[in-house]
Amino acid sequence: MLFSLLYTISFAVILCGAFALMRQGFVARNSGPGTRASRHPEAPKHGEAVLYVDLNRERLEQLYHQPS
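Now for a quick tour of the structure.

Scoring rules and cut-offs
Residues numbered from 1 in each chain as written. Predicted model: local features only at pLDDT ≥ 70, side-chain atom pairs only at ≥ 80, totals over all residues. Heavy atoms only, no water. Salt bridge = Lys/Arg side-chain N within 4 Å of Asp/Glu carboxyl O. Helix = DSSP H or I, 4+ residues; strand = E, 2+ residues; numbered from the N terminus. Buried < 20%, exposed > 50% of the residue type's maximum accessible area, 1.4 Å probe, protein only. Patch = residues over 30% accessible without salt bridge, like charges linked within 9 Å, V, L, I, M, F, W, Y side chains within 5 Å. Areas by Shrake-Rupley, 256 points an atom, 1.4 Å probe, with all protein chains shown as cover.

### Description of the pattern of salt bridges
Pairing is possible between side chains that carry opposite charge, provided their charged atoms lie close to one another. Taken as a whole and judged by the stated rule, the model has one salt bridge. Glu61 serves as the salt-bridge partner of Arg57, at 3.2 Å between the closest nitrogen and oxygen. In this pair, Arg57 and Glu61 both sit in helix 2 (residues 57-65), four residues apart, roughly one turn of the helix. Since its relative accessible area comes to 38%, Glu61 is described here as partly exposed.

### Overview of a nonpolar patch on the surface
Together, Phe3, Tyr7, Phe11, Leu15, Phe19, Met22 and Phe26 make up a nonpolar patch on the protein surface, roughly 830 Å² of accessible area in all. Following the sequence through the fold, Phe3 ends up in helix 1 (residues 2-29). Residue Phe3 is classed as exposed on the basis of its relative accessible area, which comes to 66%.

See below:
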């Protein structure tokens, strides 16, 4: 009896926490009309150089056939 009561209470707490996190995510995403999502702090700024890796089929085949 005690085990089932503790199990039910634990399940309810986890379930409420999961729904609270989902709701928080929905509210943050849909905070209002015309609002933009916040930019990631590590995202490159406009005009900043970024690393580009060419992984087209021909380039991958060349890499595959190169000796190690």
